[in-house]
Amino acid sequence: SSGINAEWPLRPGMKFRDPYQTTNGPALYGNIMYDRRIVRGNTYAQHILPATVQPDPIEVQRQAEARRRILARKRATDQLRPRSAEPVEGRKHIDVQTELYLEEIKDRVEEADVECQTDAFLDRPPTPLFVPAKTGVDNVTQILDGELFDFDIEVKPILEVLVGKTIEQALMEVMEEEELANLRAQQRQFEELRHAELVETQRLEEQERRHCEEKQRRMAQQREVLSIEAETARKIAARAFAQNYLSDLVPSVFGALSENGYFYDPVAKDVEGNFVPWLLSRVKENMGHVLLSRVMVDELIRAVCDKRIPQA
């Protein structure tokens, strides 16, 4: 840190401080010809846009395209720039010094405090005013009252202008008020006419909407009636076709089912299916008993005959 005990910075060849120079604010200029804030030259040639003017959209688009081109060129340059290969596994890239003389790199820079004591500046004495030297000969002329200026005469045209301008301004204001009143009356008539036309338009729109709804409802009813009539006609045609088709089909179907045994007498079916097989089984069983008895009788007769023949 510097320990200079001075209120203003030191400049070569400076003995006194500058009274127009301040430490915190801008410089104070004694002559406006040396002030950089003063515009010199013709001010009509300067194109100064007001703060409320909107920027040209074409110019804004052109600037945006230029910025995009610059960014794209920068990205392409970065991609084309040669880079180091990726480090192999287990290694990493580090920054090294390639200069001829190596220096030690430290995180903290070495610092040293130096102090210097200087003398305070003396106040500059005020600059005396410039008084030009007197030249020539002094002459005196006496002017009496009323010789050069008469107030009543000189003020008359000024009063005429002021009174005329005031009357003209008053008349203009009265005319403007009358014109504004006429405009308000015309606007009120226009609003009334517009309101009446709007009401009539709404009435016509409502009437047209009701007509459209009625038309749509009638058309829907007519379509429904036509669909019912078409459905009824289809049903009648289908019924007639079915009757015509089934007039010959029913007898043939019943005949085929009767021939195949689907229609039968329950009593006859029970007799044929249950009673007759039971009767045949019982008859067969009885005939078996009869045959067995006959065989046994024949065996007995044969045995008796066999026994009698040897005795004879």
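Since this is a predicted model, take the numbers as computed values, not measurements. (Residues numbered from 1 in each chain as written. Predicted model: local features only at pLDDT ≥ 70, side-chain atom pairs only at ≥ 80, totals over all residues. Heavy atoms only, no water.)

**Q** Sorry, what's going on with the overall build of the protein chain here?
**A** Scanning the protein chain from N- to C-terminus turns up three helices and zero strands. Taken over 312 residues, the protein chain has a buried fraction of 2%. Restricting the contact set of the protein chain to residue pairs at least 6 apart, pairs at least 24 apart contribute 51%. (Helix = DSSP H or I, 4+ residues; strand = E, 2+ residues; numbered from the N terminus. Buried < 20%, exposed > 50% of the residue type's maximum accessible area, 1.4 Å probe, protein only. Contact = heavy atoms within 4.5 Å.)

**Q** Even after reading the chapter, I still don't get a negative patch on the surface, so can you show me in this structure?
**A** Taken together, the side chains of Glu173, Glu176, Glu177, Glu178 and Glu179 define an acidic patch exposed on the protein surface. For Glu177, the location among the structural elements is in helix H2 (residues 151–259). Since its relative accessible area comes to 54%, Glu177 is described here as exposed. (Patch = residues over 30% accessible without salt bridge, like charges linked within 9 Å, V, L, I, M, F, W, Y side chains within 5 Å. Areas by Shrake-Rupley, 256 points an atom, 1.4 Å probe, with all protein chains shown as cover. Salt bridge = Lys/Arg side-chain N within 4 Å of Asp/Glu carboxyl O. Lys, Arg positive; Asp, Glu negative; His and termini not counted. Charge placed at Lys NZ, Arg CZ, Asp CG, Glu CD.)

**Q** Please explain H2 as it appears in this structure.
**A** The α-helix advances 3.6 residues per turn, and as a result positions three or four apart in sequence lie on the same side. Taking 1.5 Å of rise per residue, 109 residues should cover 162 Å, and H2 covers 152 Å from first to last C-alpha, within 8% of that figure. Its axis deflected by about 40 degrees at Leu246, H2 carries its strongest bend there. Downstream of H2 by a residue or two, Gly261 has a phi angle that is positive, lying close to 90 degrees. (Expected span 1.5 Å × (residues − 1). Bend = angle between axes of the 7 residues up to and from the residue.)

**Q** Is there a simple way to think about a positive patch on the surface in this case?
**A** Together, Arg67, Arg68, Arg69 and Arg73 line one region of the surface with positive charge. Within the secondary structure, Arg73 sits in helix H1 (residues 57–80).

**Q** What exactly am I supposed to notice about the packing of aromatic side chains here?
**A** Within this structure, the stated rule accounts for one aromatic pair. Geometrically, the ring pair formed by Phe275 and Trp278 is tilted, given 6.0 Å between the ring centres and 35 degrees between the ring planes. One end of the pair, Phe275, and the other, Trp278, are both in helix H3 (residues 266–311), three residues apart, so they sit about a helical turn from each other. The class of Phe275 is partly exposed, set by a relative accessible area of 44%. (Phe/Tyr/Trp six-rings, centres within 6.5 Å; stacked < 30°, edge-to-face > 60°.)

**Q** Where do I start with the pattern of salt bridges in this structure?
**A** Between side chains of opposite charge, a pair can form when the charged atoms approach closely. Applying the stated criterion across every chain, the model contains eleven salt bridges. Salt-bridge contacts for Glu214 lead to Arg217; the nearest nitrogen and oxygen are separated by 2.4 Å. Here Glu214 pairs with Arg217, and both are found in helix H2, just three residues apart, close to one helical turn. Given a relative accessible area of 28%, Glu214 falls into the partly exposed group. With a relative accessible area of 39%, Arg217 lands in the partly exposed category. Here Arg282 ties to Glu285 by a salt bridge, and the two come within 3.1 Å at their closest N and O atoms. Note that Arg282 and Glu285 are positioned in helix H3 at a spacing of three residues, about one turn of the helix. For Arg282, a relative accessible area of 36% gives the class partly exposed.

**Q** I'm lost on the confidence of the model for the protein chain in this one. Help?
**A** Interpretation of this model should avoid reading the predicted coordinates in detail wherever pLDDT is low. Confidence along the protein chain averages 80 in pLDDT terms, with 85% of residues attaining 70 or more. For the protein chain, H3 is the element with the lowest average pLDDT, namely 85, and H2 is the one with the highest, namely 91. With pLDDT under 50 throughout, residues 1–10 is counted as low confidence; its partners more than four residues away or in other chains account for 20 contacts. (pLDDT = per-residue confidence, 0-100.)

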